[in-house]
Amino acid sequence: MSNMLLEGRELHTYYGASHILHGIDFHIRQGEGIALMGRNGMGKSTLIKSMLGIVRPKHGRVLVRGDDYTKATTYRTAQQGIAYVPEGRGIFKSLTVRENLLMSARAGVDGQRNWTFDRVMETFPRLGERINNGGWQLSGGEQQMLTIGRALMTNPDLLILDEATEGLAPLIAMEIWRIVKEIRKTGIATVIVDKNHGAVTSICDRAMILVKGEVVFDGSSDEIRANPDLIQKHLGVGH
Amino acid sequence: MDFATFLIQTLNSLQYGLLLFLVASGLTLVFGIMGIINLAHGSFYMIGAYMAFVLSSATGSLVWAIVLGIPLALIFGAFLEWALFSRLYKRDHLEQVLLTYGLILVFEQLRSLLVDNDVHGVDIPAFLGASIQLTDVLSYPVYRLAISAVCIVLAVALYFVIQRTRLGMMIRAGNDDRTMVEALGININMIYRVVFALGVALAALAGMLAAPISSVFPNMGGQVLIISFVIVVIGGIGSVWGALVAALIVGFADTFGKVLLPEISGMVVYLVMAAVLLWRPEGILKKG
Ligand SMILES: Nc1ncnc2c1ncn2[C@@H]1O[C@H](COP(=O)(O)OP(=O)(O)OP(=O)(O)O)[C@@H](O)[C@H]1O
Ligand SMILES: [Mg+2]
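Summary of the structure given here.

The rules behind each value
Residues numbered from 1 in each chain as written. Chains lettered and ligands numbered in written order. Predicted model: local features only at pLDDT ≥ 70, side-chain atom pairs only at ≥ 80, totals over all residues. Heavy atoms only, no water. Donors = N, O, S within 2.8 Å, 3.2 Å for Na, K, Ca; no water. Helix = DSSP H or I, 4+ residues; strand = E, 2+ residues; numbered from the N terminus. Buried < 20%, exposed > 50% of the residue type's maximum accessible area, 1.4 Å probe, protein only. Salt bridge = Lys/Arg side-chain N within 4 Å of Asp/Glu carboxyl O. Near = heavy atom within 4 Å. Polar contact = N/O pair within 3.5 Å; in protein donor to acceptor, adjacent residues only side chain to side chain. Areas by Shrake-Rupley, 256 points an atom, 1.4 Å probe, with all protein chains shown as cover. Expected span 1.5 Å × (residues − 1). Arc of directions from axis to C-beta. Contact = heavy atoms within 4.5 Å. Buried area = accessible area lost by both parts, 1.4 Å probe. Nonpolar A, V, L, I, M, F, W, Y, C, P; charged D, E, K, R; others polar. Axes fitted to C-alpha atoms, helices over the stretch in contact; angles between N-to-C directions. Parallel < 35°, antiparallel > 145°, perpendicular 65-115°, else oblique. Left-handed = near helix turned anticlockwise from the far one by under 90°.

A few words now on the coordination of the magnesium ion (ligand 2). Residue and element names in this part refer to chain A. Within the protein, Ser-45 (OG) and Glu-87 (OE) serve as the donor atoms for the magnesium ion (ligand 2), at 1.9 to 2.6 Å. Placement of the pair is Ser-45 in helix α1 (residues 44-52) and Glu-87 in the loop between β6 (82-85) and α3 (97-104), with a sequence separation of 42 residues. We classify Ser-45 as buried; its relative accessible area is 12%. Judged by its relative accessible area of 33%, Glu-87 falls in the partly exposed class.

Right under this line is the structure:
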């Protein structure tokens, strides 16, 4: 258990009166990759936000490296080496590309500074061409690269990507996948939410499927790929 | 209007506008970034003026009063943010208006208890006491030039902090998306506290600088508050550069209005505001 990074235990989260998460258990270890799957509205984003303290679960606990972070502020949880790329991107539009990256720069939990401005530039050459552009001038793909680059500037141990390829042209999405694979190889743990089940399950060793705020599957990605029924039943479009 | 009069009025407009900028810049930041309507912001100007009076009486010099007053104002601002304003971020505007209006009354009462209800003068520091002779009869006080110079230096410093430092990047980012700033591991509450304390200190400094010119009197923050809100609206909520341009427009409109259109001088500033808002409903420079 010593390499446990982030854990959610028995999480129940509500938006007003609507009960969204029904007692979810989640855990991720150092270096692990998890594909977090489920149809629209099943609670994937809510689970992530609950663990980061962006929304507060009504019951349950959140642990980071074994310590209780249930009531911690979002910034303190993030400082434990957790970087979050939200759905809808969330770049800072009034900052330039360079400023978006510099404002988040920080050493990792162990003081590591593997991800520098220059390394992010090497990883995302397209951002280099746009370095002094304002955030509002970027295409969707460039915005996504910027949010991922910005997350890496915090030298995280865990990178959470919520719908990183949503709405992107196939070629751009492929480029993002290539980069995510590269990041995985460096040993950063990742939680990836994405509609492209083939891509996520090939990048992540483990997979979780949520249905209506409950975990219906938690196992290896291989198992999912060997069971098309599972995908059809829980992830297929329609019912 | 002859040239010397014109020059004097121009310098007065600049000095008045720049002084208003010190007050309005904090107001627009707190409004734009933290979403708080702070009616008590004018009180910080009043408190600054009274600090100038009390501290310069005690130390013998306005310069010492300012040197002591600025850190006091910063501490006071940080304390207020911690004790009261941090509780207001998620409240609606009506509750903000109620609390901050209440604060005006509290501050005025404290002023009455701690000092008194009289009008007081504050001496100009001796080394700035001279005047520059423009013609045989017209001269311009060095002290007013010094105020303008201090304000220009501060405006440049503010520009540098907001545009060039990481703190400034975080402040602007907080304006775009507060939650995302936090999710990057940045303590946004601390940033808000710094911004608020800075706003209080700038308003208090404006009051300290103005004290020798306007003298020090009860409720002196009220007029400044209203004109500062006019500036925030003209400049665009949250825009410091908009506030600078708007403060200068208001400074010129008010000063020249009094000279050229004395019958309606009280209205000129508001007419300008109405004209700007018809032209640009969001203000001259919205956010940035
Ligand atoms: N801020 C909110 N207020 C109220 N209800 C919300 C809010 N955010 C999400 N919901 C609801 O909570 C449920 C779960 O939403 P969530 O965003 O977690 O789903 P998701 O699995 O991430 O879906 P998607 O694939 O569409 O992103 C949905 O029914 C959604 O309508
Ligand atoms: Mg989602």
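Next comes the rest of the description.
Opposite charge on two side chains permits pairing when their charged atoms draw close. Counted by the stated rule, this structure contains 18 salt bridges over all chains. For Glu182(B), the salt bridge is made with Arg178(B), and the minimal N-O distance between the two is 3.8 Å. Of the two residues, Glu182(B) and Arg178(B) are both situated in helix α7 (residues 178-183); the distance of 4 residues between them amounts to about one turn of the helix. On the accessibility criterion, Arg178(B) (25% relative accessible area) is partly exposed. Linked through salt bridges whose partners overlap, the residues forming this network are Glu32(A), Arg206(A) and Asp218(A).

Residues and elements named next belong to chain A. The full set close to ligand 1 counts 13 residues, and Gly-41, Lys-44, Ser-45, Thr-46 and Glu-87 are the nearest of them. Ser-45 places a polar side-chain atom, nitrogen or oxygen, 2.7 Å from an oxygen atom of ligand 1. Within the side chain of Glu-163, an N or O atom sits 3.2 Å from an oxygen atom of ligand 1. Computed on the free molecule, ligand 1 has an accessible area of 640 Å², of which 59% lies beneath the protein chains in the complex.

So, on to helix α4 (residues 93-114) of chain B. All names here are of chain B. The end-to-end C-alpha separation of α4 is 31 Å, in line with the 32 Å expected for 22 residues at 1.5 Å each. Among the residues making up α4, those that are buried are Gln-96, Thr-100, Leu-103, Ile-104, Phe-107, Glu-108 and Arg-111. Across the axial projection of α4, the buried residues extend over an arc of 130°, all falling on one side. With respect to the buried face of α4, the exposed residues turned more than 90 degrees away are Leu-94, Leu-98 and Leu-113. Residues of α4 that are buried make contact with α2 (41-59) and α3 (62-83).

Counting residues at the interface gives 17 residues for chain B, matched by 21 residues for chain A. The contact between chain B and chain A buries some 1700 Å² in all, and 62% of this surface belongs to carbon and sulfur atoms. A per-residue breakdown of the area chain B buries against chain A is headed by Met169(B), Met180(B) and Leu184(B), which together make up 32% of the total. Note that Arg172(B) and Glu99(A) form a salt bridge whose closest N and O atoms lie 3.0 Å from each other. Here chain B and chain A share 9 residue pairs in polar contact (both at pLDDT 80 or more) between them. Breaking the side of chain B that touches chain A down by element, the ones donating at least two residues are α6 (166-176) and α7 of chain B. Looking at the side of chain B that touches chain A, the element that brings in the most residues is α6(B), giving 6 residues. Of the residues assigned to the side of chain B that touches chain A, the class counts are 8 nonpolar, 4 polar and 5 charged.

The next subject is the packing of α2(B) against helix α8 (residues 188-214) of chain B. All names here are of chain B. Contact pair α2 / α8: the axes reach a minimum separation of 6 Å and the direction vectors enclose 50°. Considered as vectors, α2 and α8 are oriented oblique to each other. The interaxial crossing formed by α2 with α8 has right-handed handedness. On α8, the residues that touch His-41, Phe-44, Tyr-45, Gly-48, Ala-49, Met-51 and Ala-52 of α2 are Phe-196, Gly-199, Val-200, Ala-203, Ala-204, Ala-206, Gly-207, Met-208, Ala-210 and Ala-211. Taken together, the residues that form the contact of α2 with α8 break down as 13 nonpolar, 4 polar and no charged.

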